[in-house]
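# Residue-level structural notes
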Amino acid sequence: MTFLTRLDDGSLKEGAAPTFALSQRGRAGLEILGAIQTFSSGTLRPMAAANFEENPQGRMLGEDHASATPAFSERERIAKARTVCEGDAIYRLERFFQRYVAEENFNRGIPAIEERRAEFLAYDAAMAQGSDAAPEAGSLTLAEDLAIPAWFAPIEWHLEPGGWDGYDLYGALFAFGVGPYVFSKGGYAAVGIGDDIVGQRLKTIRQFPKDSYARIYEPGCGGVSTLKAVHSVFPEAELHGADLSPLLLKNGARMAARFGFPVHLKQADCATDTGEADASFDGVITYALHHELPPKANRALFAELFRIMKPGADIVISDPPPFRAVSMFHAVILDWDTLHREEPFFSPVLHESLDAMLEEAGFEAVESYAIGQDQYPWITRARKPESTAVEAQA
Amino acid sequence: MNTPKTDTGPDYLGPESVTDVARMVMALMSEVWIQRDRQIVTEYLLETQGAVTRQEIDDFVPTGDLAERIAAERQRFANLVAGAPIAATQRSVSQILERAGMDVPTARATGT
Ligand SMILES: C[S@@+](CC[C@H](N)C(=O)[O-])C[C@H]1O[C@@H](n2cnc3c(N)ncnc32)[C@H](O)[C@@H]1O
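Residues numbered from 1 in each chain as written. Chains lettered and ligands numbered in written order. Predicted model: local features only at pLDDT ≥ 70, side-chain atom pairs only at ≥ 80, totals over all residues. Heavy atoms only, no water.

Looking now at a nonpolar patch on the surface. A cluster of nonpolar side chains, namely Tyr12(B), Leu13(B), Val21(B), Met24(B) and Val25(B), defines an oily patch on the protein surface of about 520 Å² accessible area. The topology assignment puts Val25(B) in helix H1 (residues 18-49). (Patch = residues over 30% accessible without salt bridge, like charges linked within 9 Å, V, L, I, M, F, W, Y side chains within 5 Å. Areas by Shrake-Rupley, 256 points an atom, 1.4 Å probe, with all protein chains shown as cover. Salt bridge = Lys/Arg side-chain N within 4 Å of Asp/Glu carboxyl O. Helix = DSSP H or I, 4+ residues; strand = E, 2+ residues; numbered from the N terminus.)

It is worth spelling out the nonpolar core at this point. One recurring pattern in soluble globular proteins: nonpolar side chains tend to sit buried together. Core analysis: the biggest nonpolar cluster contains 79 residues, and Ile32(A), Ile36(A), Leu44(A), Tyr91(A), Phe97(A), Ile113(A) and Phe329(A) have the highest contact counts within it. With 12 residues, the top contributor of residues to this core is helix H1 (residues 24-54) of chain A. Residues contacting Phe97(A), with those up to four places away along its chain left out, are Ile36(A), Ser40(A), Leu44(A), Met26(B) and Ala82(B). Counting residues in each nonpolar core, the second largest holds 34 residues, with Leu301(A), Ile308(A), Leu354(A) and Ala382(A) among its members. (Core = buried A, V, L, I, M, F, W, Y, C linked by side-chain atoms within 4.5 Å. Buried < 20%, exposed > 50% of the residue type's maximum accessible area, 1.4 Å probe, protein only. Contact = heavy atoms within 4.5 Å.)

Moving on: the pairing of strand S10 (residues 378-383) of chain A. Residues and elements named next belong to chain A. Judged from the 6 bridges that link them, strand S8 (residues 309-319) and S10 form a sheet pairing that is antiparallel. By the bridge assignment for S10, Asp314 is matched with Arg383. In this sheet, S10 lies alongside strand S9 (residues 364-370) in antiparallel orientation, the contact comprising 5 bridges. Among the inter-strand pairings, Tyr369 is bridged to a residue of S10, identified as Ile379. (Pairing = 2+ DSSP bridges.)

In this section: unusual backbone geometry. Residues and elements named next belong to chain A. Between Tyr376 and the following residue, Pro377, the backbone shows a cis peptide bond with an omega angle of -5°. Relative to the assigned elements, Pro377 resides in the loop between S9 and S10. Even without being a glycine, Ala279 presents a positive backbone phi close to 45°. In this fold, Ala279 is placed in the loop between strand S6 (263-267) and strand S7 (281-287).

Let us look at the environment of Val349(A). Residue position: Val349(A) is located in helix H12 (residues 346-350). Excluding residues that lie within four positions of it along the chain, Val349(A) makes contacts with His290(A), His291(A), Leu293(A), Pro295(A), Asn298(A) and Leu354(A).

Turning our attention to the interface of chain A and chain B. Listed by partner, the interface residues are 25 residues for chain A and 29 residues for chain B. Between chain A and chain B the total buried area reaches about 2,300 Å² when both faces are included, carbon and sulfur atoms providing 61% of it. Per-residue buried area on chain A facing chain B is highest for Gln24(A), Ile32(A) and Phe39(A); these three make up 26% of the total on that side. Ionic pairing is found between Glu103(A) and Arg23(B), a salt bridge with its closest N-O pair at 2.6 Å. Where chain A meets chain B, there are 12 residue pairs in polar contact (both at pLDDT 80 or more). Residue assignment for the side of chain A that touches chain B shows that the elements contributing at least two residues are H1 and helix H4 (89-114) of chain A. The greatest single-element share of the side of chain A that touches chain B, amounting to 13 residues, is contributed by H1(A). (Buried area = accessible area lost by both parts, 1.4 Å probe. Polar contact = N/O pair within 3.5 Å; in protein donor to acceptor, adjacent residues only side chain to side chain.)

Next up, the structure:
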C-alpha cells in the first residue's frame, strides 16, 4: 500500500504558492479508476462475501477459521476458501477490477503527470521558495553505498514500474493523481471502502499512551506522510525517519520543509542498522511497513528498534491485520494482494504474529486491536521494559 | 501457430483471452468517460463565460457543486458499465433504478 497525502492540502497557508493540477484528460482518466474501485469494493465485494457465506463449503471454512481448535491449518483454509471464491463469477469480476485499477494507476497516471512535467517542476520550485521552515531545521542523509537487501531490490511494489525509485515523478503522481483520485476512495488492499487514510494515520498516532514525547523515530518513513501526522499530534517531538528509497526520502524532505516541520531523514536498511545510538528514542511509530519485509527481516528490525529505544519507550504499529483477526472471506481478499498486487511478503507476514515477534525482541505490555472497519487499521503496541532482566538482577 | 477453428472461423485469441477483452472494454470505458467529463466541463465553461479555449478546458479543475455533479455522474457511469454483468441477473425494478443512480420509489410504484 502506498499512502501519500496531497502536497497542497488544507494545512498550506492560503495563497502561499501557485497550485498545480493535472490536465482534464489526466484527471478524468484517474477519476474513473476511483469510480471503478468504488463500485468494485462497495457493490461487488459485499455480493461476493454474501455468496461465500451462503456456500456450504464457505460457511464450513468460516466456522473452522473462527474455531479455537480448527481442523485445517490457516494456509490450507485460505487455499480452500480461495477455491470457493473463485467458483463465483462476482468474486472474479471484483478481483479483475482490483487488478485493473492497480495496473492503470500507473498506465494512466504516468502519462498524466509526464504531460505536466514542466508545470510541476515550476510549481515545485515556487513552493520551495515559499516554504517557511529554515533549511537547517531538518536534515537529509543519503547513503550511496548502502547495501540494498536482495529481497527488496527487484520488487515492483504494488505493480509500480521500476519500484519505489523507478520514475522521478512518482511523488507528484501520488500527490496529485492516484492519491486524491483513486486511493482517497479506499477499498484496496486492507483499506476499507470510504476509509479516510489521512484520518487513519492521526487515529493511529493517538494510540501512543503518553501525552508527550521528546524524540520519535519512524523506520520505513517513505514520503513522511506519517511523520506529518506525528507532528500534528506531538508538535513538541523531534522527528527522525529512515527509508531505503532515496527518492521517497528526497520527496519527504521537501514535503516536510514545505509544511514547516523539521525532520531528520536517513537512508538506511532499518532491519540491519538504523545508524542511531543505543537508547536514544522515546517513541517509535511504524506505518504500513512490516507487510513489506520478510518475517526474518521483521525480527531483525524489532531487535534493532529495541536497541535504539530508551527504557520505558513506546512502540506503536499500524499494519494490515493478521489472517487470524479477519473473516474467512476477508482473509482470501488480503491474501490475494500477495500474488496479484506485487506484495511478496504480505501473506507470509499476515500468517505470523507481530505480537510474538515483539515479545521475542524483549518488549512488554504487547497488545493488538483494530480501530476501523474490517479490522483495519490494526494496531499493535508495546513498551521497552524500564529495566532489562540482566540489569534488574545486577 | 496452430489456430483452432470454431463454427464462426478461426479462434484467434483463445478462451483465456476473455480477461484481455475485458481490459480492452475497460480502456474504452475510460476513454468514453474522459470525453464525457470534457463535455460537461465545456458546457459549464460555455454557460458561465460564453466562450472557451482548448487550453481553458485542459486546465480546468471542477470544484464545489460542479465537482459533486460530475462525481455522481461518473459513479453512475462506472456502475452501469462495470456492473453490466450483474445487470443480466439483478433485474428487479429497484435494482435497475439503483444502478442508474436514481431514487427507488415507494413499494407501490415498483410493485414490490
Ligand atoms: C508502504 S510504505 C509506507 C511509508 C510510510 N511509513 C507511510 O506511512 O507513508 C513502506 C516503506 O518502507 C520502506 N522500507 C521497506 N523496508 C525497509 C527497510 N528494511 N529499511 C528501511 N525502509 C524500508 C519502503 O521503502 C517504503 O517506503
